[in-house]
Amino acid sequence: MAKQLLLQTNYEEEFRNFCEALFLKGVKLMKIKQYGSDMPDAIFEGVQHVHEAVFDGAVLKREKLIRKNLVALVAVEDEQVAGFKFGYEHEDGAFYSWLGGVHPAFQRRGIARTLMDHQHNLVKELGYKLIRTYSRNEKMAMLLLNLQSGFHVISTFVDDKGWHKIVLEKKI
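Predicted, not measured: the structure shown is a model, and the values here were computed from it.

The rules behind each value
Residues numbered from 1 in each chain as written. Predicted model: local features only at pLDDT ≥ 70, side-chain atom pairs only at ≥ 80, totals over all residues. Heavy atoms only, no water. Buried < 20%, exposed > 50% of the residue type's maximum accessible area, 1.4 Å probe, protein only. Helix = DSSP H or I, 4+ residues; strand = E, 2+ residues; numbered from the N terminus. Pairing = 2+ DSSP bridges. Patch = residues over 30% accessible without salt bridge, like charges linked within 9 Å, V, L, I, M, F, W, Y side chains within 5 Å. Areas by Shrake-Rupley, 256 points an atom, 1.4 Å probe, with all protein chains shown as cover. Salt bridge = Lys/Arg side-chain N within 4 Å of Asp/Glu carboxyl O. Phe/Tyr/Trp six-rings, centres within 6.5 Å; stacked < 30°, edge-to-face > 60°. Lys NZ or Arg CZ within 6 Å of the ring centre and 35° of its normal. Core = buried A, V, L, I, M, F, W, Y, C linked by side-chain atoms within 4.5 Å. Contact = heavy atoms within 4.5 Å.

## A look at the pairing of strand β8 (residues 164-171)
Taking burial as the measure, the eight residues of β8 include six buried ones, the bulk of the element. Where strand β6 (residues 130-135) lies against β8, six bridges are found, and the strand directions are antiparallel. From the neighbouring strand, Ile131 faces β8, where its bridge partner is Lys170. As judged from the six bridges shared by strand β7 (residues 152-158) and β8, these two strands associate in the antiparallel manner. Counterpart to His152 in the pairing with β8 is Glu169. Connecting the antiparallel pair β7 and β8 is a turn made up of five residues, with Gly162 showing a positive phi of about 85°.

Below you can see the structure in the form of C-alpha cells.
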C-alpha cells in the first residue's frame, strides 16, 4: 500500500519531485480544499458518496448547505473525495462543527483528525472563541476524537428521531 502524506499547500509538484528524489515513489497526496455553500457539483457528489457510506445510505440534501458562514472542508486524493468536515456559525455566535465523515476506504489514515485540526485553526483565525459539536455513542471513533482534541461534554439530549445526543464544546 502506498504511503500517504497529508499536504495542505499549493506546492504539490515541488513536493512530488522532492519525494521522488528521496525514493518515495508512489506517495499519494491528500489535499484539503475549502468551500462555502457554492460548492461545485462534482465535489458535492463526492461528499454525497462519502455521506452515504458513513451514514448508512442517508442522503445529504444540498439545500442543507445554505448556512450562515458555512465552512466546508473536503479532503481529496487523486480527484476522489475521501472525507469532509462542515460547520457554520450558530445563532449564539459559537461555531457549530456540524457534519463530517471519512469514506471507509480512507479511514485510519488520520484524515478525520487533519480535517478537524484544519477546521479549528481556520475558525480561530475567523475570530470564533468556541466550537460546539454533537455526537452519539454509536459513533464512538468520532466521540473519542472529539475528546482527544480537547472537547468537553457539557450536556446530552434526545433529538426528534429519538437518538441520544452528546453535546461537546471546546474553547479555542
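Moving on from the model shown.
## Quick word on a nonpolar patch on the surface
On the surface, a nonpolar cluster with roughly 330 Å² of combined accessible area is contributed by Met140, Leu144, Leu147 and Val153. Among the elements that take part in the nonpolar patch, helix α4 (residues 140-148) stands out by supplying three residues, more than any other. Here Val153 shows up in strand β7. Owing to a relative accessible area of 48%, Val153 belongs among the partly exposed residues under this scheme.

## Re the packing of aromatic side chains
On inspection of all chains with the given rule, the structure shows seven aromatic pairs. With a centroid separation of 6.2 Å and an interplanar angle of 35°, the aromatic rings of Phe86 and Trp98 are classed as tilted. Placement of Phe86 in strand β4 (residues 80-89) and of Trp98 in strand β5 (residues 95-102) is noted, with a sequence separation of twelve residues between them. We note that Phe86, like Trp98, is buried. A connected cluster of aromatic rings, assembled from ring pairs, spans Phe84, Phe86, Tyr88, Tyr96, Trp98, Tyr134 and Phe157. The ring of Trp98 carries Arg67 above its face, with NZ or CZ at 4.7 Å from the centroid. A cation over an aromatic ring shows up here: Arg136 above the ring of Trp163, its NZ or CZ 4.1 Å from the ring centre.

## Overview of the pattern of salt bridges
Overall, the coordinates contain seven salt bridges when judged by the stated rule. Across the salt bridge formed by Glu77 and Arg109, the nearest N and O atoms sit 3.6 Å from each other. Taken together, the positions of Glu77 in strand β3 (residues 71-77) and Arg109 in the loop between β5 and α3 (111-125) put the pair 32 residues apart, joining distant regions of the chain. According to the relative accessible area criterion, Glu77 is buried, its value standing at 5%.

## Section: the nonpolar core
Met30, Leu73, Ala75, Phe95, Phe106, Ile111 and Leu115 are the most contacted members of the largest nonpolar core, which has 21 residues in total. Of all the secondary-structure elements, those providing two or more residues to this core are β2 (28-35), β3, β5, α3, α4 and β8. With five residues, the single largest contributor to this core is α3. Those residues within four positions of Leu73 in sequence are excluded, and the remaining contacts are Ile32, Lys33, Gln34, Gly83, Phe84, Lys85, Phe86, Leu115, His118, Gln119 and Leu122. Grouped together as the second largest cluster of nonpolar side chains are 20 residues, Val47, Phe86, Tyr96 and Leu99 included.

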